[in-house]
Amino acid sequence: MRRLHIDGPCTRAALTTELGLNRSTIKALVDGLAEAGVVEERVPLQRSGAGRPSLLVLPQPHAAVVLAIDIRVEGVAIALVGLGGQILGRNSWNLYGRASQPDEVVAHIVDSTRWLVGELSVETAAVGVSVPGVVRRSDGLVHEAPNLHWTDVPLGEWLSTGLGMPVRLGNDAELGALAEHVRGAARGASDAVYVSADFGVGGGVISEGSPMRGTSGYFGEIGHMVVKPGGRPCYCGSHGCWETEIGEAAMCRALDLPEGSPRGAIVAALKELSAHSALAREQLAELVDWLALGLVNVVNMLGPELVVLGDLFTSLPAALIADVGREVRTRSLVSRAVGGTRIVPSVLGGDAKLIGAAELAFEPVLGTM
Amino acid sequence: MSSDPILEIKGLNKSFGPVHVLHDVDFTVRAGEVTALVGDNGAGKSTLVKCIAGIYGHDSGTVTFQGNEVHIRGPKDAAQLGIEVVYQDLALADNLDIVQNMFLGRERGSRWMLDEAAMEKAARETLASLSVRTVKSVRTPVASLSGGQRQTVAIAKAVLWNSKVVLLDEPTAALGVAQTRQVLDLVRRLAEQGLGVVLISHNMADVFEVADRIATLYLGRMVAQVPTKEVTNTQVVELITAGRSGELGLARPDTVTI
């Protein structure tokens, strides 16, 4: 089941080889799933080799649907995601003033979920939530989400009461890493790090194929690694955090935009710069230096095969990402040892956290199918 | 440079015969932001959009696009600059499929043979880049799509043509709640990709949920253009109905000459 959910349709023959099971065992399994409406079998369009073609097994998105919620500092996005990772319907809205109070957010989520579910006439099995803060995994308590000014919010409890479904929460960067590992740039890698600049900077780690979660699930605050003694004060209470040099605010400074500009304005400015790499190098030099410096530390500490840069970093000019890659390779002992850690932009863009939240929700669901 | 507006209109005037529809309208669109254009019926919202799109000429005023003054004389000029308009009555051809609609009038290929494969691929990539996965096949005739899906196709067309500014004239007027939400979600993501988006809407809740900036027209005058986070719902409603709210909007009536 997991094989079909993650890697998509494949033939019965391929399933037999990959799972190392007997042909008739696979037939029995697939028949059972098809009867339950979870998969569909079709004759493949392209034939390979001689003989009767092996039937193609396709996961049916409507067979299992989960609700993914991505809570960000400036807005909330929700999506209904079907088996196989297909987004069936989605919605998002801005958070200003009152609207970012936890109770308002929960009420809005419950309302718009009802609309979406009604529109698509599907049944949802579970909920996954991405939160920009430290989250206790066992019961979904948001210990602290500093950029939202939330402290000790029992978000998991509220949402599961409101939606009537089991809810699992995760840190946004941790879920971004999960998404990249399952469906994005880090697919198939056993050790990878995901670093993203949303409002703040966060990071997730895939270690030997599974996400690193830290004690009670409090993990992912890579952006608060102190890189600059005596640097700018950070809202977390420390000074000179990595986030203060490479986060959204730092990008605004580098691009001469007023702090707190909408995300699109930053993306537009970065895109404009992509066309002039010399100017881009000059304007973003300081930011790129700090990014490389932090990444050298990260790579030396965690020794990943690749580092995936997410969210705002995906809009950085490609030439600069290549520069950072080279810089890390020259300066990092570990990177040299593994033959050059790759530094790549995310392919999932802004949806990474949403997809990660869906995968989090799918985990227990797949087990019961 | 980058914080300059992508499209700036200054002192725009437009009359239809004796009726003065737009009075010295100033309007700016910034890349990466959703600017909501609100106003009562007949305030001049659609006229303003049609002036920008080149459907109507204007009597006086300047239009600056990416820092250069431009003269838009027809819809072709606007399209060439990268200004795309999505109308509420959905300018799609029912009998054609999604690919054909997206490339309508701008087909790829030689004079004798259309490059269907390339067009289909481009259409599919564009829809994927907007993570629109609600459409099963890009070869579905548009007639069989729901209202929300049709709007999605119309909006995706703007992305396919590398537009820099997209003007949406009440894109959700004919849609139900859930479909409206899906279209607005797409509008937000369009801006997040760095496009300048103008959204005409009557629904205050929608405006507050997606817009970064709100521009209010009142009887043909631009009374305020403010960031969404600095105003409340009530203030915007006052601006729409009375043309002012506290310090915002038109000056006190005794100083206004009509």
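The coordinates are above.
Keep in mind that what you see is a predicted model, and the values were worked out from it rather than measured.

## A few points about the overall build of chain B
- Of regular secondary structure, chain B possesses 8 helices and 12 strands.
- Projected onto its principal axes, the C-alpha positions of chain B cover 65 × 40 × 40 Å.
- Out of the 258 residues belonging to chain B, those deemed buried represent 53%.
- Within chain B, residue pairs in contact and separated by at least 24 positions form 65% of the contacts whose partners lie at least 6 positions apart.
- Summed over its atoms, the accessible surface of chain B is roughly 11,600 Å², and 50% of this surface lies on carbon and sulfur atoms.
- The centroid of the 26 positive side-chain charges in chain B is displaced by 4 Å from the centroid of its 29 negative side-chain charges.

## Side note on the packing of helix α2 (residues 12-19) of chain A against helix α3 (residues 23-35) of chain A
Residue and element names in this part refer to chain A.
- Axis separation between α2 and α3 bottoms out at 9 Å; the angle between their running directions is 120°. The crossing of α2 and α3 is right-handed. Two secondary-structure elements touch here, α2 through R12, L15, T16 and L19 and α3 through R23, I26, K27, V30 and D31.
- Each residue belonging to the contact of α2 with α3 can be placed in one class, and the counts come to 4 nonpolar, 1 polar and 4 charged.

## Quick look at the sheet that holds strand β8 (residues 134-136) of chain A
All names here are of chain A.
- The strand order across the open sheet built from 3 strands is β8-β9-β10, with neighbouring strands paired in antiparallel fashion. Of all the strands in the sheet, just β8 and β10 (150-153) have a single pairing partner and so form its edges. Taking each pair of neighbouring strands and ignoring which way they run, the sheet shows an average axis angle of 15°.
- Bridge count between strand β9 (residues 141-145) and β10: 3 bridges; the pairing is antiparallel.

## With respect to the pairing of strand β4 (residues 60-65) of chain B
Residue and element names in this part refer to chain B.
- Relative to β4, strand β1 (residues 7-16) is paired through 5 bridges, and the arrangement is antiparallel. Within β4, the position partnered with I9 by the bridge is V63.
- In this structure, β4 lies alongside strand β5 (residues 68-70), joined through 3 bridges in antiparallel fashion. Bridge assignment links T64 to a residue of β5, and that residue is E69.
- The turn linking β4 back onto β5 is made up of 2 residues, and Q66 within it adopts a positive phi angle of 50°.

Calculation notes
- Residues numbered from 1 in each chain as written.
- Chains lettered and ligands numbered in written order.
- Predicted model: local features only at pLDDT ≥ 70, side-chain atom pairs only at ≥ 80, totals over all residues.
- Heavy atoms only, no water.
- Helix = DSSP H or I, 4+ residues; strand = E, 2+ residues; numbered from the N terminus.
- Buried < 20%, exposed > 50% of the residue type's maximum accessible area, 1.4 Å probe, protein only.
- Contact = heavy atoms within 4.5 Å.
- Areas by Shrake-Rupley, 256 points an atom, 1.4 Å probe, with all protein chains shown as cover.
- Lys, Arg positive; Asp, Glu negative; His and termini not counted.
- Charge placed at Lys NZ, Arg CZ, Asp CG, Glu CD.
- Axes fitted to C-alpha atoms, helices over the stretch in contact; angles between N-to-C directions.
- Left-handed = near helix turned anticlockwise from the far one by under 90°.
- Nonpolar A, V, L, I, M, F, W, Y, C, P; charged D, E, K, R; others polar.
- Pairing = 2+ DSSP bridges.

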